[in-house]
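Here is how the chains run, residue by residue.
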Amino acid sequence: MPPAFLPPAMPSACTQALACSCDIWSQPMTETVIMPSHPAPRTRGRFIPPLLVFPFLVYNLVVFTLFGGNPVNWGAGMFSIPMPSGMPWAITAGDFLLVVGIILLFVEVLKSTNIARSSIVEHMLSMVLFVLFLIEFLLVGAASSSVFFLLMVMSLIDVVAGFTVSITSASRDVSMS
């Protein structure tokens, strides 16, 4: 019969063999657990600012310089692509900016898997960027468009995904007993 629990006093050796008999094979099974004697070295990653700051800046530059503070112009067509169905697919400036934002959001989620010390600063800057998105969306008339709202939602997803991935990867590094 296998032991139901480990004894309270564990030996201080790095390896310990546990033997149990399995009913299926009727032979004892030995499992060796090797604990590292030192923690894994932390890598120093390059600091990369939140990439969603670029759509934020592009939106503000375009809406205030080219559109005169009118967010309705994001619906203006940039170009159209003829589809096999015979209908043209019109791509607007807002659609193009949202596609760029989605690509950058994907890169941000990939960046959040980094466990370097600079990742905490990157998460804090992502939170600051989301707060800037939210304040501008609520208080500035030129930001009251669906394009800006969706960019703000992407920033929120970046913050939530970044903290979730970091907490999940950190919980794998630390075992609670």
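Our subject is the structure that appears above.
Residues numbered from 1 in each chain as written. Predicted model: local features only at pLDDT ≥ 70, side-chain atom pairs only at ≥ 80, totals over all residues. Heavy atoms only, no water.

1. Describing the side chain of threonine 92
Here is step 1 of the chain: Note that threonine 92 resides in strand β4 (residues 88-92).
Here is step 2 of the chain: A polar atom in the side chain of threonine 92 sits 3.0 Å from the side chain of aspartate 95.
Here is step 3 of the chain: If sequence neighbours within four positions are ignored, threonine 92 has contacts with Trp74, Gly75, Ala76, Gly77 and Met78. (Helix = DSSP H or I, 4+ residues; strand = E, 2+ residues; numbered from the N terminus. Polar contact = N/O pair within 3.5 Å; in protein donor to acceptor, adjacent residues only side chain to side chain. Contact = heavy atoms within 4.5 Å.)

2. Considerations on empty space enclosed by the protein
Here is step 1 of the chain: Within this structure, the stated rule accounts for one cavity of 30 Å³ or more.
Here is step 2 of the chain: Taken as a whole, the largest cavity encloses approximately 60 Å³ of empty space.
Here is step 3 of the chain: Lining the largest cavity are Glu108, Lys111, Ser112, Ser119, Glu122, His123, Ser126 and Asp158.
Here is step 4 of the chain: Of all the elements, helix α3 (residues 118-139) adds the most residues to the lining of the largest cavity, at four residues. (1 Å grid on protein atoms, 1.4 Å probe; cavity = no way out; pocket = protein on both sides within 12 Å on 5 of 7 lines; lining within 4 Å. Points joined across faces, edges and corners; volume = space filled by probe spheres on them.)

3. Some remarks on the packing of aromatic side chains
Here is step 1 of the chain: Under the criterion given, the structure shown has eight aromatic pairs.
Here is step 2 of the chain: Centroid distance tyrosine 59 to phenylalanine 148: 4.9 Å. Interplanar angle 55°. Geometry classified as tilted. Here tyrosine 59, found in helix α1 (residues 53-66), pairs with phenylalanine 148, found in helix α4 (residues 146-173); they are 89 residues apart in sequence, far enough to count as distant.
Here is step 3 of the chain: The buried category is assigned to tyrosine 59, whose relative accessible area is 0%.
Here is step 4 of the chain: Ring centres of phenylalanine 137 and phenylalanine 149 lie 5.6 Å apart, and the angle between their planes is 45°; on these two criteria the pair is classed as tilted. Of this pair, phenylalanine 137 sits in helix α3 while phenylalanine 149 sits in helix α4, and the two are 12 residues apart along the sequence.
Here is step 5 of the chain: Of the residues examined, phenylalanine 149 reaches a relative accessible area of 36% and is grouped as partly exposed.
Here is step 6 of the chain: Three or more aromatic residues link up through ring pairs in this structure, and these residues are Phe56, Tyr59, Phe67, Trp74, Phe133, Phe137, Phe148 and Phe149. (Phe/Tyr/Trp six-rings, centres within 6.5 Å; stacked < 30°, edge-to-face > 60°. Buried < 20%, exposed > 50% of the residue type's maximum accessible area, 1.4 Å probe, protein only.)

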